[in-house]
Amino acid sequence: MQFRLLVLAVGTFVINTGSYLVAGVLPAIAAHVGVPVTTAGQLVTVHALTYAISAPVLSTVVGKWERRKLLWLSLGLFVVGNIATALAPDFGTLTAARVVGALGASLFTPTAVVIAADLVSLDRRGRAVSVVLAGLTLATVIGVPLGVLLEGSLGYQALFWMIAGLGVLASTALLALPPVPAPPAMRVRERVSVLRNKAVGWVLVVSMLASLADFAAYTYASPMLSALTGAGAGTLGVLLFVYGVAGAMGNAVVGRITDRFGSSVGIVGSLLLLTAGLAFLPLAGGSLVATGALLVLWGLGGWGIMPAVQHRLISLTPTGAAVVIAFNSSALYLGMGLGGITGGAVAAQWGWWALGPASAVVAVLALGLFWRMPTTPAAEPVAIPEQATATEHEAVPA
């Protein structure tokens, strides 16, 4: 079982490295295609918004597919998108390439998360989700910082060729998974019906705002941190590595905290850390140590909230887990896309120093909304009937 979770985590790592790497090498991309950095940042927005829209749509269109074939389709589109990114000669072609890659990425993570949740017992669900999402956080620990370090010597095009190659390897690794039957078919009306649960809608808005707060700053992390600290490419790689390590720790720790104390503790604690890490960035005074400490808080909160939110959503709708996780992926990437727009506007209007505090304001808004969230008897994992959970993917092998 642990090996199967690891295979899913590897695929998630590859998918998200390809998704986030653009933010790390944004200045190089902007210089190559001849646009301002804030314009190049909209590549993140296009990718994210495509993901947000396509996740629920594609999950409906291919809902009857065996799950492993669905993961192969996802990685195939992803590989094509990254090859096109490496070959793109101008901003328009590059934008189209990111759309193709996003279509593939939107299918992978929601499917992997739901499979992981079904592979384990109810009391280990938070940790199982954390294992898969660890691939996502490791993309920020290893993928993006390493890309920043290698871009100067290899060029950003070579990096996306490498990502495409990793996508092929991840596809091969899926052979280790047994066939995973699709869940019972659901009509579009049935899928949308999960949003009638006010608590679900509330959590999705909180998730979207948390993502917006995180990515308004992270999309422009390289130019922002360079402006605040004067760091060069090597130091920037180290700073992004610190952020990524903190994110991985937050994902793992909050997953366990959620299993033990409930998702409310994980969500509130993560938002408080995210707010503190972002709000005080301009006050670090250019100190690399102080900036690194704030990046730790930022990473812990920004990535720690993910397993808590997904655990909360599955708890609220145990028989519609696949659907609600797809909606949450849309919410996350909608926040990411809006973050790219918001961050670019803030930087253009007030400068790079304002990105952290402006993002912190959004995190505070998310915290306030969660505090006023309507309650429901099924809001915590202890209240979920085990029989209800089994009906979603009862044929998934354990």
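Residues numbered from 1 in each chain as written. Predicted model: local features only at pLDDT ≥ 70, side-chain atom pairs only at ≥ 80, totals over all residues. Heavy atoms only, no water.

Visitor: Is there a simple way to think about the overall build of the chain in this case?
Guide: A tally of helices and strands in the chain yields 17 helices and zero strands. Evaluated residue by residue, the chain yields a buried proportion of 57% over its 398 residues. When the accessible surface of the chain is split by element, carbon and sulfur atoms take 71% of a total near 14,800 Å². (Helix = DSSP H or I, 4+ residues; strand = E, 2+ residues; numbered from the N terminus. Buried < 20%, exposed > 50% of the residue type's maximum accessible area, 1.4 Å probe, protein only. Areas by Shrake-Rupley, 256 points an atom, 1.4 Å probe, with all protein chains shown as cover.)

Visitor: Honestly, helix α1 (residues 2–24) in this entry has me stumped. Any pointers?
Guide: In an α-helix, one full turn covers 3.6 residues, which means residues spaced three or four apart are oriented alike. Compared with the 33 Å implied by 1.5 Å per residue over 23 residues, the 31 Å span of α1 between its first and last C-alpha is a close match. At glycine 18, α1 shows its maximal kink, close to 30°. Of all the 23 residues making up α1, 17 are buried; the element is thus mostly covered by neighbouring parts of the structure. (Expected span 1.5 Å × (residues − 1). Bend = angle between axes of the 7 residues up to and from the residue.)

Visitor: So what exactly am I meant to see when it comes to a nonpolar patch on the surface here?
Guide: Taken together, the side chains of Leu138, Ile142, Leu146 and Leu149 present a nonpolar region at the surface, about 330 Å² in accessible area. If you trace the backbone, leucine 146 turns up in helix α7 (residues 125–154). (Patch = residues over 30% accessible without salt bridge, like charges linked within 9 Å, V, L, I, M, F, W, Y side chains within 5 Å. Salt bridge = Lys/Arg side-chain N within 4 Å of Asp/Glu carboxyl O.)

Visitor: How do you make sense of the environment of methionine 224 when you look at a structure like this?
Guide: Mapping methionine 224 onto the fold places it in helix α11 (residues 221–229). Once residues lying within four places of it in the same chain are set aside, the contact partners of methionine 224 are Ala217, Leu281, Trp298, Trp352, Leu355 and Gly356. (Contact = heavy atoms within 4.5 Å.)

Visitor: I would appreciate a short explanation of the nonpolar core in the present structure.
Guide: Side chains that are nonpolar tend, in soluble globular proteins, to be buried together. In terms of nonpolar packing, the biggest core is built from 114 residues, with Leu8, Tyr20, Tyr218, Leu271, Trp298 and Tyr333 touching the most fellow members. Considering every element that reaches this core, the biggest residue donor is helix α10 (residues 198–218), with 14 residues. Excluding residues that lie within four positions of it along the chain, leucine 8 makes contacts with Leu71, Phe108, Ala112, Ile115, Ala116, Val132 and Leu177. (Core = buried A, V, L, I, M, F, W, Y, C linked by side-chain atoms within 4.5 Å.)

Visitor: Explain the packing of α11 against helix α12 (residues 233–261) here, please?
Guide: Packed helices, taken two at a time, are described by the angle their axes make and the gap between the axes. Across the interface, α11 lies against α12 with an axial gap of 10 Å and an inter-helix angle of 115°. What the angle tells us is that α11 and α12 run roughly perpendicular. As α11 packs across α12, the resulting crossing turns out to be right-handed. Contacts between α11 and α12 pair Ala221, Ser222, Leu225, Ser226 and Thr229 from the former with Leu236, Leu239 and Leu240 from the latter. Residues that form the contact of α11 with α12 fall into these classes: five nonpolar, three polar and no charged. (Axes fitted to C-alpha atoms, helices over the stretch in contact; angles between N-to-C directions. Parallel < 35°, antiparallel > 145°, perpendicular 65-115°, else oblique. Left-handed = near helix turned anticlockwise from the far one by under 90°. Nonpolar A, V, L, I, M, F, W, Y, C, P; charged D, E, K, R; others polar.)

Visitor: Would you mind going over the side chain of threonine 45 with me for this structure?
Guide: Take threonine 45: it is sitting in helix α4 (residues 42–61). The class of threonine 45 is buried, set by a relative accessible area of 5%. When neighbours within four sequence positions are excluded, threonine 45 is seen to be in contact with Gly337, Gly340 and Ile341.

Visitor: Would you mind showing me how to read empty space enclosed by the protein here?
Guide: Counted by the stated rule, this structure contains four cavities of 30 Å³ or more. Approximately 110 Å³ is the volume attributed to the largest cavity. Every residue lining the largest cavity is counted, 15 residues in all, and those nearest its centre are Tyr20, Leu136, Met306, Leu332 and Tyr333. Broken down by secondary-structure element, the contributors of at least two residues to the lining of the largest cavity are α1, α6 (91–119), α7, α10, α14 (288–316) and α15 (321–350). The element contributing the most residues to the lining of the largest cavity is α15, with four residues. The residue makeup of the lining of the largest cavity, split by class, is 10 nonpolar, five polar and no charged. (1 Å grid on protein atoms, 1.4 Å probe; cavity = no way out; pocket = protein on both sides within 12 Å on 5 of 7 lines; lining within 4 Å. Points joined across faces, edges and corners; volume = space filled by probe spheres on them.)

Visitor: Is there a simple way to explain α14 in this structure?
Guide: Over its 29 residues, α14 extends 42 Å from the first C-alpha to the last, a length consistent with the 42 Å expected when each residue adds 1.5 Å. Counting buried positions over the 29 residues of α14 gives 23, a clear majority of the element. For α14, the N-terminal cap is serine 287; the gap from its side-chain oxygen to the backbone nitrogen of valine 289 is 3.4 Å. (Polar contact = N/O pair within 3.5 Å; in protein donor to acceptor, adjacent residues only side chain to side chain.)

Visitor: Looking at this structure, how should I read the environment of glycine 147?
Guide: Counting through the fold element by element, glycine 147 comes out in helix α7. Judged by its relative accessible area of 5%, glycine 147 is buried. A C-alpha to C-alpha distance of 9.4 Å links glycine 147 and phenylalanine 160, two positions 13 residues apart in sequence. Look past the residues within four positions of glycine 147 in its chain and what remains in contact with it is Leu21, Val25 and Leu159.

Visitor: In this structure, what is going on with the confidence of the model for the chain? I would like to understand it.
Guide: Low pLDDT means the predicted atomic positions in that stretch should not be read closely. Mean pLDDT for the chain: 82, with 87% of residues reaching 70 or above. Mean pLDDT values over the elements of the chain span from 31, in helix α17 (residues 386–390), up to 94, in helix α16 (residues 355–371). Under a pLDDT of 50 for its full length, residues 377–398 has, in the predicted model, 51 contacts with residues more than four places off or in other chains. (pLDDT = per-residue confidence, 0-100.)

Visitor: Where do I start with the environment of leucine 355 in this structure?
Guide: With respect to the helices, strands and loops of the structure, leucine 355 is situated in helix α16. Separated by 142 residues in the primary sequence, leucine 355 and alanine 213 place their C-alpha atoms 9.5 Å from one another. Contacts of leucine 355, omitting those with residues within four sequence positions, involve Ala216, Ala217, Tyr220, Met224, Gly343 and Val346.

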